[in-house]
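Listed below are the residues making up each chain.
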Amino acid sequence: MRYAIAMMAVLAVGAVSGTALAADPIKIKFSHVVADATPKGKGALEFKRLVEERLRGKVVVEVYPNSQLFGDAKEMEALLLGDVQIIAPSLSKFDKFTKKLQVFDLPFLFDDINAIDRFQKGKKGQELLGSMKSKGYTGLAYWHNGMKQLSANKALRMPEDAKGLKFRIQSSNVLLAQFQALGANPQKMAFAEVYQALQTGTVDGQENTWSNIYSQKFHEAQKYITETNHGVIDYMVVANTKFWDGLPKDVKPTIEKAMADATVYANKLAEDINQQDKKRIMDSGKSEIITLKKDQAAAWRKAMTPVYKQFEPDIGKDLLDAALASNKAS
Ligand code: LMR
């Protein structure tokens, strides 16, 4: 009897752990800092949807938007520690790991999002995607947001108008130099802190895409937004290298395909979301949108582009030339 009970216990434990093993899905935590209704937010949710639909029960994706799990400063570290498996920081936030990605921050380098798309899909762009693998960041895709606009509590029509103002910037030395070239005072700050900094006057202005301005309500704390299109916010979706390389063969190709499909989906939506959010900001009447005249736009370009000289040695002339060439549709 004793023997029978012991045997039943052994069998029961075996059955439970057996089921537990079979039922334990691989968990992918995808953390980011923006809202769900932005290009990146929608891309992350689409990736989740596709993975879970195609690998039902085998893989789950948990998406954490709005710096809910980790903000800017922490998410890079969290990825290396394995606390999250995928993040998608803006390309401006990688300059600690590679100086080459600074090419994306150079003001007025790309004419529009189509030029950026061509560059990213070209040879140099693809090389950059793989350039941080040995440092623990495996580049999976580029995701678009859009072109940056300048907001402030003062009307910015000419570069001189920015003189002496404090601007929040992402953690990028190119962006630091860009605002210094205007005689302004740039301050590096995590995305999650920007709204309050604008509201309390810790900074006078910031630069961002229409979708980030609208979804974070920056326009409610800023009197003016100048449509400068002077730079870009795009993302690199990166996975922890060890995690990515260790994914089992029966799920990895499907996850890769889901990422490729989510990329097409998000990149197609990005421009529309930004234009829609620009209209929402206009309709809200909270912030005046300033459209630059031709000579005013030229003055901003002239004031900002001298920073190229400072960063070209680190970025490399080959990359700069390839980026410039992408402005011409092939
Ligand atoms: C910012 O910090 O302004 C942006 O990089 C946020 C984002 O991820 O779009």
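See above for the structure.
Residues numbered from 1 in each chain as written. Predicted model: local features only at pLDDT ≥ 70, side-chain atom pairs only at ≥ 80, totals over all residues. Heavy atoms only, no water.

A. How the structure looks around the site of the ligand. Near the ligand the following residues occur: Val33, Val34, Lys40, Ser90, Lys93, Arg168, Gln170, Phe191, Asn208, Asn212, Ile233 and Tyr235. Here an oxygen atom of the ligand sits 2.7 Å away from a polar atom, N or O, in the side chain of Gln170. Within the side chain of Tyr235, one N or O atom sits 2.5 Å away from an oxygen atom of the ligand. When the free accessible area of the ligand is taken as 270 Å², the share hidden by the protein chains comes to 100%. Counting atoms within 2 Å of the grid points, the majority share of the ligand lands in the largest cavity. Residue composition of the shell around the ligand, by class: five nonpolar, four polar and three charged. (Near = heavy atom within 4 Å. Polar contact = N/O pair within 3.5 Å; in protein donor to acceptor, adjacent residues only side chain to side chain. Areas by Shrake-Rupley, 256 points an atom, 1.4 Å probe, with all protein chains shown as cover. 1 Å grid on protein atoms, 1.4 Å probe; cavity = no way out; pocket = protein on both sides within 12 Å on 5 of 7 lines; lining within 4 Å. Sits in = over half its atoms within 2 Å of the grid points. Nonpolar A, V, L, I, M, F, W, Y, C, P; charged D, E, K, R; others polar.)

B. Seen up close, the pairing of strand β1 (residues 26–31). Pairing geometry for β1 and strand β2 (residues 59–64), over six bridges, is parallel. By the bridge assignment, Phe30 is partnered in β2 with Val63. You can see the chain leave β1, run along helix α2 (residues 39–54) and come back into β2, and the turn it takes is right-handed. Summarising the sheet, β1 and strand β3 (residues 86–87) pair through two bridges and their orientation is parallel. Bridging across to β3, Ser31 finds its partner in Ile87. (Pairing = 2+ DSSP bridges. Helix = DSSP H or I, 4+ residues; strand = E, 2+ residues; numbered from the N terminus. Right-handed = clockwise from strand over helix to strand, strands pointing away.)

C. Region of interest: the layout of surface pockets. Reported here for the largest pocket is a volume of approximately 370 Å³. In this structure, the largest pocket is lined by 21 residues; those nearest its centre are Asp117, Lys121, Tyr142, Thr263 and Asn267. At the level of secondary structure, the elements contributing two or more residues to the lining of the largest pocket comprise α4 (113–121), α5 (123–129), β4 (137–147) and α10 (252–284). At nine residues, α10 tops the list of elements feeding residues into the lining of the largest pocket. Here the residues of the lining of the largest pocket sort into nine nonpolar, seven polar and five charged. The volume enclosed by the second largest pocket comes to roughly 200 Å³. Lining the second largest pocket, in full, are Asp72, Ala73, Met76, Glu77, Lys93, Lys96, Gln170, Ser171, Lys188, Met189 and Ala190. If one sorts the elements of the lining of the second largest pocket by residue count, helix α3 (residues 72–81) sits on top with four residues. (Points joined across faces, edges and corners; volume = space filled by probe spheres on them.)

D. View of the sheet that holds strand β7 (residues 185–188). In spatial order, the strands read β7-β6-β8-β5-β9-β11; together these six strands make up an open sheet with mixed pairing. Every interior strand has two partners, whereas the edge strands, β7 and β11 (288–291), have only one. Adjacent strand axes in the sheet meet at a mean angle of 25°, parallel and antiparallel pairs treated alike. (Axes fitted to C-alpha atoms, helices over the stretch in contact; angles between N-to-C directions.)

E. The sheet that holds β3, seen in detail. The strand order β2-β1-β3-β10-β4 describes an open sheet built from five strands, whose pairing is mixed. At either end of the open sheet lies a strand with only one pairing partner, and these are β2 and β4. Note: β3 against strand β10 (residues 232–240), two bridges, orientation antiparallel. Opposite Ile87, over in β10, you have Val238 as the bridge partner. Relative to the sheet, α10 contacts β1, β2, β3, β4 and β10, its axis offset from that of β4 by approximately 15°. (Contact = heavy atoms within 4.5 Å.)

F. Focus on empty space enclosed by the protein. Inspection of every chain in the model, using the stated rule, returns one cavity of 30 Å³ or more. Taken as a whole, the largest cavity encloses approximately 70 Å³ of empty space. Its residues placed into classes, the lining of the largest cavity shows five nonpolar, four polar and three charged.

G. Looking closely at the pairing of β4. Summarising burial for β4: eleven of the eleven residues are buried, a large majority. Two strands pair when backbone bridges link them, and β4 and β10 are joined in this way by nine bridges, in the antiparallel orientation. Residue pairing for β10: His144 is matched across the bridge by Asp234. (Buried < 20%, exposed > 50% of the residue type's maximum accessible area, 1.4 Å probe, protein only.)

H. Spatial organisation of the packing of aromatic side chains. In this structure the tally under the stated criterion is ten aromatic pairs. Ring geometry for Phe104 versus Phe119: centroids 5.5 Å apart, planes at 65°, classification edge-to-face. Of this pair, Phe104 sits in the loop between β3 and α4 while Phe119 sits in helix α4; the two residues are 15 residues apart in sequence, bridging distant segments of the chain. Among the residues examined, Phe104 registers a relative accessible area of 1% and is labelled buried. Given a relative accessible area of 3%, Phe119 falls into the buried group. Pairing Phe104 with Tyr142 gives two aromatic rings, centres 5.9 Å apart and planes at 50°, and the pair type is tilted. Taken together, the positions of Phe104 in the loop between β3 and α4 and Tyr142 in strand β4 put the pair 38 residues apart, joining distant regions of the chain. Summarising the burial analysis for this pair, Phe104 and Tyr142 share the class buried. (Phe/Tyr/Trp six-rings, centres within 6.5 Å; stacked < 30°, edge-to-face > 60°.)

I. Highlighting the pattern of salt bridges. Scanning the model with the defined rule gives 18 salt bridges in all. One salt bridge in this structure joins Glu52 and Lys48, with 3.1 Å as the shortest N-O distance. Taken together, the residues Glu52 and Lys48, both in helix α2 and four residues apart, mark about one turn of the helix. Its salt-bridge partner being Lys317, residue Asp321 comes within 2.9 Å of it at the nearest N-O pair. (Salt bridge = Lys/Arg side-chain N within 4 Å of Asp/Glu carboxyl O.)

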